Amino acid sequence: MSDSEIIDQTILFVKETLINAEGGHDWFHIQRVYNNSLLIAKDESADILVVGLGALLHDIADAKFNNGDETIAPKMAKEFLNSIHVPKQTIKHVVQIIANCSYKNSLDKADKPFESIELSIIKDADRLDAIGAIGIARAFNYGGFKNRKLYDPNIAPNLNLTKEEYKNSTAPTINHFYEKLLLLKDTLETNTGKKLAAKRHQFMMNYLEQFYGEWSGKPGF
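Residues numbered from 1 in each chain as written. Predicted model: local features only at pLDDT ≥ 70, side-chain atom pairs only at ≥ 80, totals over all residues. Heavy atoms only, no water.

### Quick look at the layout of surface pockets
Regions of empty space are outlined by a rolling probe, equal in size to a water molecule, passed over the atoms.
And then number 1: Of the pockets and cavities examined, the largest pocket occupies roughly 1000 Å³.
And then number 2: What lines the largest pocket is a set of 44 residues, among which H25, D62, K64, Y166 and K180 lie closest to the centre.
And then number 3: Elements with a contribution of two residues or more to the lining of the largest pocket: helix 4 (72–83), helix 5 (88–100), helix 6 (117–128), helix 7 (132–145), helix 8 (163–168) and helix 9 (173–179).
And then number 4: Top contributing element to the lining of the largest pocket by residue count: helix 7, with 5 residues.
And then number 5: Here the lining of the largest pocket is composed, by residue class, of 16 nonpolar, 14 polar and 14 charged. (1 Å grid on protein atoms, 1.4 Å probe; cavity = no way out; pocket = protein on both sides within 12 Å on 5 of 7 lines; lining within 4 Å. Points joined across faces, edges and corners; volume = space filled by probe spheres on them. Helix = DSSP H or I, 4+ residues; strand = E, 2+ residues; numbered from the N terminus. Nonpolar A, V, L, I, M, F, W, Y, C, P; charged D, E, K, R; others polar.)

### Considering the confidence of the model for the chain
And then number 1: Per-residue confidence for the chain gives a mean pLDDT of 92, with 96% of residues at or over 70.
And then number 2: Model confidence for the chain, summarised as mean pLDDT per element, is weakest for helix 8 at 81 and strongest for helix 3 (residues 48–57) at 98. (pLDDT = per-residue confidence, 0-100.)

### Things to note about the side chain of R127
And then number 1: You can see R127 is positioned in helix 6.
And then number 2: The buried charged residue R127 lacks any salt bridge partner; its closest oppositely charged side chain belongs to E189, at an N-O distance of 5.7 Å.
And then number 3: Polar side-chain contacts of R127 include one of 3.0 Å to the side chain of T187. (Buried < 20%, exposed > 50% of the residue type's maximum accessible area, 1.4 Å probe, protein only. Lys, Arg positive; Asp, Glu negative; His and termini not counted. Salt bridge = Lys/Arg side-chain N within 4 Å of Asp/Glu carboxyl O. Polar contact = N/O pair within 3.5 Å; in protein donor to acceptor, adjacent residues only side chain to side chain.)

### Quick look at the packing of helix 3 against helix 6
And then number 1: Between helix 3 and helix 6, the shortest axis-to-axis distance is 9 Å and the interhelical angle comes to 40°. Here helix 3 is positioned oblique relative to helix 6, judged by the angle of their axes. For the element pair helix 3 and helix 6, the recorded crossing hand is right-handed. On helix 6, the residues touching V50, V51, G54 and A55 of helix 3 are E118, I121 and I122. (Axes fitted to C-alpha atoms, helices over the stretch in contact; angles between N-to-C directions. Parallel < 35°, antiparallel > 145°, perpendicular 65-115°, else oblique. Left-handed = near helix turned anticlockwise from the far one by under 90°. Contact = heavy atoms within 4.5 Å.)

### Some remarks on helix 10 (residues 191–216)
And then number 1: The terminal C-alpha atoms of helix 10 lie 38 Å apart, and with 26 residues this matches the ideal 38 Å at 1.5 Å per residue to within 8%.
And then number 2: Considering only its buried residues, helix 10 is in contact with helix 2 (27–41), helix 6, helix 7 and helix 9.
And then number 3: The positive-phi residue at the C-terminal boundary of helix 10 is G217, with phi of around 70°. (Expected span 1.5 Å × (residues − 1).)

### Quick notes on the environment of L56
And then number 1: Residue placement: L56 occurs in helix 3.
And then number 2: Here L56 falls in the buried class, since its relative accessible area comes to 0%.
And then number 3: Each C-alpha atom, one on L56 and one on I6, is 11 Å from the other, the two residues being 50 residues apart in sequence.

Here you go:
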C-alpha cells in the first residue's frame, strides 16, 4: 500500500470513529490539525507519512471523553495501523506522538517526554487550533458541553495547575484562557508555528478586552 493509500484509509477510519464526537474534537478539528501539520512540515525536515498519520490519529480517543484513560488512543491507533500493514517503525513513532501530544502532559514535570520534529510539528498544529477565533469557539463549545459558567468574577484562574488539576477542572470557560490558551503561544516549537500563533494570540487578547467591556457595561462596548 502506498503512502497516499495509507493516508486515505486513515482518514476514513478517523471520520467513522469520530462521527458523533464533541464539536471541538471532531473530524473537522482533525482536518485542521492535519492541514496545519502539512503546512508547518514544509519548512522542516520531517517524515511526512509520520506527520500525516500522527495528525490524523492524535485525538482518535481523547482521554477527556474516555474517563481520563490515556492508554486507549495509542492502543486504537496501533491496532488500526497494524491492520493496514504500516511499517512497524512508523507505527511506533506515531504511537509515541499520540502519547505525548497533549498539552496536559507538559504539566507533569516528572514526565520525560518523547521528542521528534514530527511531534513538534503536530503539537504546534494542535495548539494553533486551540487559539485564535477557532480556539475561542472550541473553548466555549466544550464549556457548554460540560455545562460550565461562561465567567464568574469571583473564581480566579489557577495559574499553577498540575496535570491532575487541569484534567479535573470545572472552572468557567474564561478562566481557561489564562490557564491554557494564552500560554500556548510561548510553547510552540517551530518557526512557522510561532508566526501563526502570534496573530491568533493577539486576536484572543482583543476578544477578552471586548468581553470584559461588554460584561461590565462600559460605554462604547
